[in-house]
Amino acid sequence: MTDTATANPVHDFIANTVAEHPVVLFMKGVPEQPQCGFSAQVVQILDHLGADFVGVNVLQSDPLREGIKSYSDWPTIPQLYVKGEFVGGCDIVREMFQSGELKTFLAEQGLLEA
Amino acid sequence: MPIAQPDLEAILREGFPDAEIRIEDLAGDGDHYKARIVSKAFAGLPRVRQHQLVYAALKGRMGGELHALALETAAPT
């Protein structure tokens, strides 16, 4: 492969991860034990909706912690990706959850049990 | 390093001169704020883009000096 899309291996890792898994949450800590209140809120919302997701702990690696911010041009963590698209951070996810929009969106994507 | 509420408001005001801006200091520690910004600049933009505009106005302070800023953005109705 000569046509490397980016020069940043961390961005490649992120792109591969969000391509491989339909719902990915980049977070502080792991879903079973979040290490930040904002990450914990998004985990709770996803659990509540019954969405299957993969949690990626950004605290395991400084390059990842910085790389996820430049990947999405978004300065904070958590970050939720659905089918490769950046959906938002804690505020947006919470707002979408409260309005019912998140449930509808995930259902439309076929990511919730009927 | 926390940011004083008037400073935060001034920074946001500079980025969104036309906006209605309401800031709450959630924890009283100058480090956990909530801001509601209503500006024409947000019209027609998805929420991610709206928040990105706010982060751009904060010029790199978000996630650094400013630990927590809960955002609520909207265009005037």
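Residues numbered from 1 in each chain as written. Chains lettered and ligands numbered in written order. Predicted model: local features only at pLDDT ≥ 70, side-chain atom pairs only at ≥ 80, totals over all residues.

Enquirer: I'd like a description of the overall build of chain A, backed by residues and values.
Expert: When helices and strands are tallied, chain A shows five helices and six strands. Against the 2.2 N^0.38 benchmark of 13 Å for 114 residues, chain A shows a C-alpha radius of gyration of 14 Å, consistent with a compact globule. For the C-alpha atoms alone, the extent of chain A along its principal axes is close to 45 × 30 × 20 Å. Sorting the 114 residues of chain A into buried and exposed places 36% on the buried side. For chain A, the share of sequence-separated contacts (at least 6 apart) that also reach a separation of at least 24 residues comes to 61%. (Helix = DSSP H or I, 4+ residues; strand = E, 2+ residues; numbered from the N terminus. Rg over C-alpha atoms; globule rule 2.2 N^0.38 Å. Buried ≥ 20, exposed ≤ 12 C-beta atoms within 10 Å, placed from the backbone. Contact = placed C-beta atoms within 7 Å.)

Enquirer: Lay out the sheet that holds strand 3 (residues 68–74) of chain B in plain terms, naming residues and giving numbers.
Expert: Residue and element names in this part refer to chain B. Read from one edge of the open sheet, three strands run 1-2-3, paired in mixed fashion. The sheet is open, and its two borders are formed by strand 1 (20–25) and strand 3, each paired with just one other strand. Neighbour-to-neighbour, the strand axes of this sheet turn through a mean angle of 15°, independent of strand direction. Judged from the seven bridges that link them, strand 2 (residues 32–38) and strand 3 form a sheet pairing that is parallel. Paired with I37 across the bridge in strand 3 is T73. (Pairing = 2+ DSSP bridges. Axes fitted to C-alpha atoms, helices over the stretch in contact; angles between N-to-C directions.)

Enquirer: Go over the interface of chain A and chain B with me, naming the residues and quoting the values.
Expert: Facing the nine residues of chain A at the interface are nine residues of chain B. If you list the elements that add at least two residues to the side of chain A that touches chain B, you get strand 6 (85–88) and helix 4 (90–99) of chain A. Of the residues that constitute the side of chain A that touches chain B, the class distribution is four nonpolar, two polar and three charged. (Nonpolar A, V, L, I, M, F, W, Y, C, P; charged D, E, K, R; others polar.)

Enquirer: Describe helix 2 (residues 47–57) of chain B, and please don't skip the residues or the numbers.
Expert: Looking at helix 2 of chain B, one finds that the buried residues are B:R47, B:Q50, B:H51, B:V54 and B:Y55. In a view along the axis of helix 2 of chain B, the buried residues occupy a sector of 140°, so they form one face of it. Packing partners of the buried residues in helix 2 of chain B comprise strand 6 and helix 4 of chain A together with strand 2 and strand 3 of chain B. Two residues or fewer after helix 2 of chain B comes B:K59, characterised by a positive phi angle close to 50°. (Arc of directions from axis to C-beta.)

Enquirer: Tell me about unusual backbone geometry, and please be specific about residues and values.
Expert: Among all residues except glycine, the phi angle is most often negative; among peptide bonds, the trans geometry is most common. Residues and elements named next belong to chain A. Here the bond from I77 into P78 is cis, since omega is 15°, no more than 30 degrees from zero. Mapped onto the fold, P78 is located in the loop between helix 3 (62–72) and strand 5 (79–82). Even without glycine at this site, D73 takes up a positive phi of about 55°. Structurally, D73 is set in the loop between helix 3 and strand 5. We classify D73 as exposed; it has 12 C-beta atoms within 10 Å. The phi dihedral of K83 is positive, around 50°, even though this residue is not glycine. With respect to the helices and strands, the residue K83 is situated in the loop between strand 5 and strand 6.

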